[in-house]
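If you want the building blocks of each chain, they are given just below.
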Amino acid sequence: MSAISLRWRRSLLPWWFMAPALIWLIVFFAVPLFNQLNVSLMSGNADAGYHSTWAFHTYWDAIRTYHVQFLRSLEYAAIATVIDLIIAFPLAYFLAFRAGRWRNFLLLLVIMPFFVSYVLRTVAWQLILNDNGWVADRLRDIGLVSQHGRLLATSTAVITGIAYNFLPFMVLPLYVSLERMDRRLLEAATDLYASRVTAFRKVTVPLAIPGIFAGSLLCFIPACGDYVNAALLGTSRQYMIGNVVQSKYLDVLDYPTAAALSFILMLLILVGIALYGRVLGSRNLMEAAA
Amino acid sequence: MAVSEPTAPDAVASAAASEADVRLDGVTKRFGEMLAVDDLTLSIQRGHFYALLGPSGCGKTTTLRMIGGFEDPTGGRVYLGGEDVTDRPSHRRDVNTVFQSYALFPHLSVERNVAFGLERRKIGRAEVRRRVGEMLELVQLGPLAKRKPAQLSGGQQQRVALARALVNRPRALLLDEPLGALDLRLRRQLQIELKRIQQEVGITFVHVTHDQEEAMTMADTIVVMNRGRVEQAGTAEQLYELPRTAFVASFLGQSNLIDARVGAADGARTPVETHDGARLQVPSDRVGALAGEQASVGVRPEKMSLLTPEGIAPDGANVLRGRVVVASFLGVSVQYLVTTAGGEELTVIAQNEAGCAPDAFAVGREVQLCWDPRHTFVVARGADE
């Protein structure tokens, strides 16, 4: 009897360790999620109040009305993620392999922007991209922006803002995956007739895939739902789905549509991640991470 | 028709027997202030198994890495098959390395690891597959071809590393303490296996190790290194029976060394007087340049035998007197520690013939140590010991 109860208690032990996180997830994620699912199926209006029906048409109306903003969100987020990957890979590579005793200081610089509020950082870009600013002037000089063209209030500005704001989320996972790579693997590769370029392609990049995957998700997912960059650096023509959700919730008080939009975005992102994982080879991913 | 086949072993052996596969000419390597390899000249013959043996920090690994192209020598030249490759990067050198930690690619299967070098050299896919298959058979890993390195034991990983290097049929295979991470039994087993494989493929092996037994088990030629220099190179037998330096005498096996002055040669024998006045004999052809010099006279522990103080030593034998300090019964042998009149503690290993440690040589007993002068050697007085 006592042996059984001991084993029973042992098997319970992991659950005790997980309990705080589980409770957190249930209270702050699962319950609100179901609540919002319920809200998304309500009908009514802001004055009379909303009540539960099975109003699936909200979803179809939302897609019909806002598919432009959906596609724009995915597009901006994807472009910003690719830009971040291109900037972050050499940076993370340098940090992991070449920075030497400067490494920790440089890592600190990478996360330094987090010491300033998100909105404030984005407002700073309003100044940088200002119509009369140095950057816009120079770009007009070299003809990348037309004489009366603007930099601010364009999709370029919004994408630039998103890429800037999420860059650290790409750098850090990439750095981690490169840093823990055994340098001797590169020696082994050159020993086996691989030039430095081939060694990079055949060894460094495959071993960085978990970092590429993690970094891309950390950039892409929040970028899809972002509304701050579009609000501060763009106009209504650059609005993303986050801006629509925000206005539905806070201005129009159309809770069902706002909730439905959120669920559609969630679904789109999940499908996107699944495809992306398939492309990178999820099996490789798991094994490389193990 | 055997002559037209380029890989016929006889043809290769006879054509190149005289040619050095790897040659280092006055190679020096500094890391900042530290002199790792000091004006090293070494010629490694085709098809032989070389061991670079020495304590950690003696420069043996640095030497190997300069052959592989992972370190640039500060001075001197490196030749592979007569060609100066000093300035050539490692991926363009016809040698392959088995790394100490194996450095297997974790994201590739065993098979793809082994194929890595062949794929870089644009060899046809069918040919790659055939050679990888053959090589995996040779190291007995055929059934594990699809596994990832993380799913293999240490010994299996070691064999993958060996196969990955050997499959390229390099001019020379460089092994950087490849057995260091394995437990003793496995190490013994793999030593024999490495030797077997080397004989089978006939490729020059340059093996770095700090384990003298490993070097003696496998190598045709042992190069003993110390402080960035070659102390002595030769077969295990040569190094053991006739060490040329105090370092070799004590690093390779045990030696009893006594400070002495070498006299002038008297025919086949040269007299040597120890610091406390005992007179010993050394074969004159073993004295070399040390005639008339202050030196150390040495003898291996198993060459000595013990006699009671009254015992009569064989005619012409070298004899020292002393007192037994420790007698250890080791089964196969009995090991004695004997303090001589001059104060040295000498080790004597005697065959266990009596079935016990004989009472006549118990601790505290006065004894005579005697041995055949043929087994005596002299070395320059070691700064190390």
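The structure presented is a predicted model; accordingly, all values stated were derived computationally and were not measured.

Enquirer: For the pattern of salt bridges, give the residues involved together with the corresponding values.
Expert: Applying the stated rule across the entire model yields 31 salt bridges over all chains. A salt bridge links Arg77(B) to Asp84(B); the nearest nitrogen and oxygen atoms lie 2.9 Å apart. Shared partners join several salt bridges into a network, and the residues in it are Glu187(A), Lys29(B), Arg65(B) and Glu71(B).

Enquirer: I'd love a proper account of the interface of chain B and chain A, names of residues and values included.
Expert: When the parts of a complex come together, some accessible area is lost, and that lost area is often taken as the interface size. Chain B puts 23 residues into the contact, and the matching count from chain A is 18 residues. Of the roughly 1,900 Å² buried between chain B and chain A on both sides combined, carbon and sulfur atoms contribute 60%. When residues of chain B are sorted by the area they lose upon contact with chain A, His91(B), His107(B) and Arg120(B) head the list and together hold 31% of the total. Taken together, the connections running from chain B to chain A amount to one salt bridge. Of the charged contacts in the structure, one is a salt bridge between Arg65(B) and Glu187(A), with a shortest N-O distance of 2.6 Å. At the junction of chain B with chain A, the criterion picks out eight residue pairs in polar contact (both at pLDDT 80 or more).

Enquirer: Talk me through the side chain of Lys29(B); I want residue IDs and the actual numbers.
Expert: Residues and elements named next belong to chain B. Relative to the assigned elements, Lys29 resides in strand S1 (residues 20-31). Looking at Lys29, the relative accessible area reads 10%, which means it is buried. In contact with Lys29, not counting residues within four places along its chain, are Met34, Leu35, Ala36, Val37, Thr62, Met66, Glu71, Asp72, Pro73 and Thr74.

Enquirer: Any details on the packing of aromatic side chains? Residues and values, ideally.
Expert: Residue and element names in this part refer to chain A. According to the stated counting rule, one finds 18 aromatic pairs over all chains in the structure shown. With 4.6 Å between their ring centres and 45 degrees between their planes, Tyr93 and Phe97 make a pair best called tilted. With Tyr93 and Phe97 both in helix H2 (residues 57-97) and four residues apart, this pair spans about one turn of that helix. For Phe97, a relative accessible area of 16% corresponds to the buried category. Judged by centre distance (5.7 Å) and plane angle (45 degrees), the ring pair of Tyr249 and Tyr255 falls under tilted. On the accessibility criterion, Tyr255 (33% relative accessible area) is partly exposed.

Enquirer: With reference to specific residues and values, describe the sheet that holds strand S5 (residues 83-84) of chain B.
Expert: Residues and elements named next belong to chain B. One open sheet holds the four strands; their spatial order is S2-S1-S4-S5, and the pairing between them is antiparallel. The outermost strands of the open sheet, each flanked by one partner alone, are strand S2 (34-45) and S5. Note: S1 against S2, eight bridges, orientation antiparallel. Residue pairing across strands places Phe31 opposite Met34, the latter belonging to S2.

Enquirer: For the domain arrangement of chain A, give the residues involved together with the corresponding values.
Expert: Residue and element names in this part refer to chain A. Domain parsing of chain A yields domain 1 (13-55) and domain 2 (59-289). For domain 1 versus domain 2, the separation of C-alpha centres amounts to 29 Å. With nine residues of domain 1 in contact, the opposing surface of domain 2 contributes eleven residues. At the boundary of domain 1 with domain 2, total buried surface from both sides reaches about 800 Å², with 71% on carbon and sulfur atoms. If you sort the residues of domain 1 by the area they bury against domain 2, Gln36, Ser40 and Tyr50 come out on top, with a joint share of 50%. Taken together, the links from domain 1 to domain 2 amount to zero salt bridges. Here domain 1 and domain 2 share three residue pairs in polar contact (both at pLDDT 80 or more) between them.

Enquirer: Mind laying out helix H5 (residues 154-166) of chain B, listing which residues take part and the relevant values?
Expert: Residues and elements named next belong to chain B. With 13 residues, H5 extends 18 Å from end C-alpha to end C-alpha; this agrees with the ideal 18 Å at 1.5 Å per step. Where burial is concerned, most of H5 is hidden: eleven out of the 13 residues are buried. Among the residues of H5, Gly155, Gln157, Gln158, Arg159, Val160, Ala161, Leu162, Ala163, Arg164, Ala165 and Leu166 are the ones counted as buried.

Enquirer: Give a description of the sheet that holds strand S20 (residues 377-380) of chain B that names residues and reports values.
Expert: Note on sheets: strands pair through backbone hydrogen bonds, and any given pair is parallel or antiparallel. Residue and element names in this part refer to chain B. Taken in spatial order, the five strands line up as S13-S12-S11-S14-S20 in an open sheet, and their pairing is antiparallel. The sheet is open, and its two borders are formed by strand S13 (279-283) and S20, each paired with just one other strand. Neighbour to neighbour, the strand axes of the sheet diverge by 50 degrees on average, direction disregarded. Where strand S11 (residues 256-262) and strand S14 (residues 294-299) come together, six bridges link them in antiparallel fashion. Looking at S14, one finds that Ala260 is bridged to Ala295.

Enquirer: Which residues make up the confidence of the model for chain A, and what are the values?
Expert: All names here are of chain A. A residue-level look at chain A finds 96% of positions with pLDDT of 70 or above and a mean pLDDT of 89. When the elements of chain A are averaged for pLDDT, helix H12 (residues 282-289) gives the smallest value, 51, and helix H6 (residues 155-179) the largest, 94. Counting interchain partners and residues more than four positions distant, the pLDDT-below-50 stretch residues 286-290 has five contacts.

Enquirer: Break down helix H4 (residues 118-128) of chain A for me, with residues and values.
Expert: Residues and elements named next belong to chain A. Where H4 is concerned, the buried positions are Arg121, Thr122 and Trp125. Looking straight down H4, one finds that the buried residues subtend no more than 95 degrees of arc, so they occupy a single side. Across from the buried face of H4, at angles greater than 90 degrees, the exposed residues are Leu120 and Leu127. The secondary structure elements touched by the buried residues of H4 are H6 and helix H9 (228-233).

Enquirer: An account of the nonpolar core is needed here, citing residue identities and associated values.
Expert: Of all hydrophobic cores here, the largest spans 68 residues; its most connected members are Ile162(A), Val203(A), Leu261(A), Phe105(B) and Phe116(B). Elements with a minimum of two residues in this core: H2, helix H3 (103-111), H6, helix H7 (184-191), helix H8 (196-224), H9, helix H10 (241-252) and helix H11 (255-280) of chain A. No other element matches the 13 residues that H2(A) contributes to this core. When neighbours within four sequence positions are excluded, Phe116(B) is seen to be in contact with Ala189(A), Leu192(A), Ala194(A), Lys202(A), Val203(A), Phe105(B) and Leu108(B).

The rules behind the values
- Residues numbered from 1 in each chain as written.
- Chains lettered and ligands numbered in written order.
- Predicted model: local features only at pLDDT ≥ 70, side-chain atom pairs only at ≥ 80, totals over all residues.
- Heavy atoms only, no water.
- Salt bridge = Lys/Arg side-chain N within 4 Å of Asp/Glu carboxyl O.
- Contact = heavy atoms within 4.5 Å.
- Buried area = accessible area lost by both parts, 1.4 Å probe.
- Polar contact = N/O pair within 3.5 Å; in protein donor to acceptor, adjacent residues only side chain to side chain.
- Helix = DSSP H or I, 4+ residues; strand = E, 2+ residues; numbered from the N terminus.
- Buried < 20%, exposed > 50% of the residue type's maximum accessible area, 1.4 Å probe, protein only.
- Phe/Tyr/Trp six-rings, centres within 6.5 Å; stacked < 30°, edge-to-face > 60°.
- Pairing = 2+ DSSP bridges.
- Domains from an automatic or database assignment.
- Expected span 1.5 Å × (residues − 1).
- Axes fitted to C-alpha atoms, helices over the stretch in contact; angles between N-to-C directions.
- pLDDT = per-residue confidence, 0-100.
- Arc of directions from axis to C-beta.
- Core = buried A, V, L, I, M, F, W, Y, C linked by side-chain atoms within 4.5 Å.

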